[in-house]
Amino acid sequence: SAAEKGGYDYFMLKEIAEQPKAVADTLLGRIGTDGRLTLDELRIPDSVLREADKVVIVACGTAFHAGMIAKYAIEHWTRIPCEVEVASEFRYRDPILDGRTLVIAISQSGETMDTLMALRHAREQGAKVLAICNTNGSTIPRESDAVLYTHAGPEVAVASTKAFLTQLVACYLVALYLGQVRGTKWGDEISAVIRELGDAPRQVEQVLQTMEPVRELARSLADARSVLFLGRHVGFPVAMEGALKLKELAYMHAEGFAAGELKHGPIALIEPGLPVVVVVPSPRGRSILHDKIVSNIQEIRARGARTIVIAEEGDEAVAPYADHLIRIPVTPVLLQPLVSVVPLQVFACELATAKGHEVDQPRNLAKSVTVE
Ligand code: AGP
């Protein structure tokens, strides 16, 4: 009913709008007044976390994209090698696991069979499993050694939005906590990022307030045959997530690539008028990546692509090559997905609506996939 949707036409719109609160609720009580993280609910003792020599993340779909982003954060802040794999592939290749492996299973529903089977396999090999989950008491957290709940609240729309943002928050919390207990050389950076995470709800809200041009652009592209998404570093999984949203909702051909892979094949797809969304890394920090993506944008534009550029406020270098420029707030490099994915959610939702699709219940999809 309309009341359940809180005045929005679709649950997806309501859930996109709820993201600042979902992020705030997931942070609540986890950052101490001294600026240190307290994850008391993690029943895995700090000694086990200190001794872990490998992290393996398993998940499906959107949760897998959260896991891809987590890998950048975990390896950078903790220096523990981290692998991430789609859960449906994991156990069939005889992965190397033992008592020093920390497996992280990410799932909104907590009932995804592929993810459940992957974590059962990991536990049989003696690995410790931490679930990141949005559904209290569901199967995946019940079968794990520990759980960090995301507090997105119930997500009804099949396409995940607020659950994804809170999965990112939970992944950052785990990465930062591992860094904290293991005491890496990034201690100062970790404290600074913990402080900046507290600002994420306000920044997500700021992005939501500036989405009208994105909706207008989406409507103008309702007849496009295909849309490509490019990113680098943590922008690469964001590009994949943008493409997944468009496939699920608009039933359109969409693909996400690492921008550096363009020249190894996908650039052959570029033709005049093809919309290409580019998620631009911050010009601060790893600025070499920024220079490289600027060249990637020039290359595709020279071949006629219509460039839709998502870039940080104050990043002027990309402006001359952007047919459409979508601004996002300045964040620490690794936290950028929290703001850069939001325009992609709005874009897919609006484009699908313009095509007349039912965004809450896309064809052929179920909210939770309980078969392998
Ligand atoms: C998200 O938009 C999708 N509907 C889907 O990829 C989903 O993320 C995936 O099936 C995993 O679900 P889970 O988080 O409930 O395990």
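Residues numbered from 1 in each chain as written. Predicted model: local features only at pLDDT ≥ 70, side-chain atom pairs only at ≥ 80, totals over all residues.

J.: Quick question: what am I supposed to make of the overall build of the chain here?
T.: A count of helices and strands for the chain gives 14 helices and 10 strands. The globule rule puts the C-alpha radius of gyration for 372 residues at 21 Å, and the 20 Å found for the chain is close to it. Considering only C-alpha atoms, the chain reaches an extent of 55 × 50 × 45 Å along its principal axes. By the burial criterion, 52% of the 372 residues in the chain qualify as buried. The long-range share in the chain, meaning contacts at least 24 apart out of those at least 6 apart in sequence, stands at 74%. (Helix = DSSP H or I, 4+ residues; strand = E, 2+ residues; numbered from the N terminus. Rg over C-alpha atoms; globule rule 2.2 N^0.38 Å. Buried ≥ 20, exposed ≤ 12 C-beta atoms within 10 Å, placed from the backbone. Contact = placed C-beta atoms within 7 Å.)

J.: Quick question: what am I supposed to make of the pairing of strand β3 (residues 101-107) here?
T.: For β3, the tally of buried residues reaches seven of seven residues, placing the bulk of the element in the interior. Alternating residues of β3 divide into Thr-101, Val-103, Ala-105 and Ser-107 and Leu-102, Ile-104 and Ile-106, and every residue in both groups is buried. Sheet analysis places strand β1 (residues 54-59) next to β3, joined by five bridges and oriented parallel. Paired with Val-58 across the bridge in β3 is Ala-105. Where β3 meets strand β4 (residues 128-133), six bridges bridge the pair, whose relative direction is parallel. Paired with Ser-107 across the strands is Cys-133, a residue of β4. In terms of handedness, the path from β3 via helix α6 (residues 113-124) over to β4 forms a crossover that is right-handed. (Pairing = 2+ DSSP bridges. Right-handed = clockwise from strand over helix to strand, strands pointing away.)

J.: Looking at this structure, how should I read the site of the ligand?
T.: The environment of the ligand is formed by 15 residues, the closest being Gly-61, Ser-107, Gln-108, Ser-109 and Thr-112. Ranked by residues supplied to the shell around the ligand, first place goes to helix α4 (residues 61-78) with three residues. By residue class, the composition of the shell around the ligand is five nonpolar, nine polar and one charged. (Near = placed C-beta within 6 Å. Nonpolar A, V, L, I, M, F, W, Y, C, P; charged D, E, K, R; others polar.)

J.: How should I be thinking about the nonpolar core in this particular structure?
T.: The tendency in soluble globular proteins is for nonpolar side chains to be buried as a group. Judged by nonpolar contacts, the single largest core of 125 residues is most densely connected at Ala-105, Cys-171 and Val-278. It is helix α8 (residues 162-182) that provides the largest number of residues to this core, a total of 14 residues. Setting aside anything within four residues of it in sequence, one finds Ala-105 in contact with Val-58, Ala-59, Thr-115, Ala-118, Leu-119, Val-129, Ala-131, Ile-140 and Ser-144. (Core = buried A, V, L, I, M, F, W, Y, C linked by C-beta atoms within 7 Å.)

J.: What is the right way to look at the pairing of β1 in this model?
T.: Looking along a regular strand, one sees the side chains alternate between the two faces of the sheet. In terms of burial, β1 is a largely internal element, five of the six residues being buried. Sheet topology note: the β1/strand β2 (residues 82-86) ladder contains five bridges and is parallel. Note on β2: the bridge partner recorded for Val-56 is Glu-83. Crossover connection from β1 via α4 to parallel β2: handedness right-handed.

J.: Help me understand the environment of Ile-80, please; the structure alone is not making it clear to me.
T.: Here Ile-80 shows up in the loop between α4 and β2. For Ile-80 and Ala-52, which are 28 residues apart along the polypeptide, the C-alpha to C-alpha distance reads 7.9 Å.

J.: Help me understand α6 in this model?
T.: With 12 residues, α6 ought to run about 16 Å at 1.5 Å a step, and its terminal C-alpha atoms sit 16 Å apart, in line with that. Within α6, burial applies to Asp-114, Thr-115, Leu-116, Ala-118, Leu-119 and Ala-122. At its buried positions, α6 is contacted by β1, α5 (87-90), β3, β4 and α7 (139-142). At the exit of α6 stands Gly-126, carrying a positive phi of roughly 95 degrees. (Expected span 1.5 Å × (residues − 1).)

J.: What's the story with the confidence of the model for the chain in this structure? I'm lost.
T.: Note that predicted coordinates carrying low pLDDT should not be read in detail. The predicted model of the chain has a mean per-residue pLDDT of 94, with 99% of residues at 70 or higher. Overall fold confidence for the complex sits at a pTM of 0.97, while the interface term, ipTM, reaches 0.98. (pLDDT = per-residue confidence, 0-100.)

J.: What is the right way to look at the sheet that holds strand β8 (residues 275-279) in this model?
T.: Neighbouring strands of a sheet are bound in pairs by backbone hydrogen bonds; such pairs are parallel or else antiparallel. Reading across from one edge, β7-β6-β8-β9-β10 is the order of the five strands in this open sheet, with parallel pairing throughout. Among the strands making up the open sheet, the edge pair consists of β7 (253-258) and β10 (324-328). Taking each pair of neighbouring strands and ignoring which way they run, the sheet shows an average axis angle of 15 degrees. Bridge analysis of β8 against strand β9 (residues 306-312) gives five bridges, and the strand direction is parallel. What sits directly across from Pro-275, in β9, is Arg-306. Along the sheet, helix α12 (residues 235-250) contacts β6 (226-231), β7 and β8; its crossing angle with β7, the most-contacted strand, is approximately 175 degrees. (Axes fitted to C-alpha atoms, helices over the stretch in contact; angles between N-to-C directions.)

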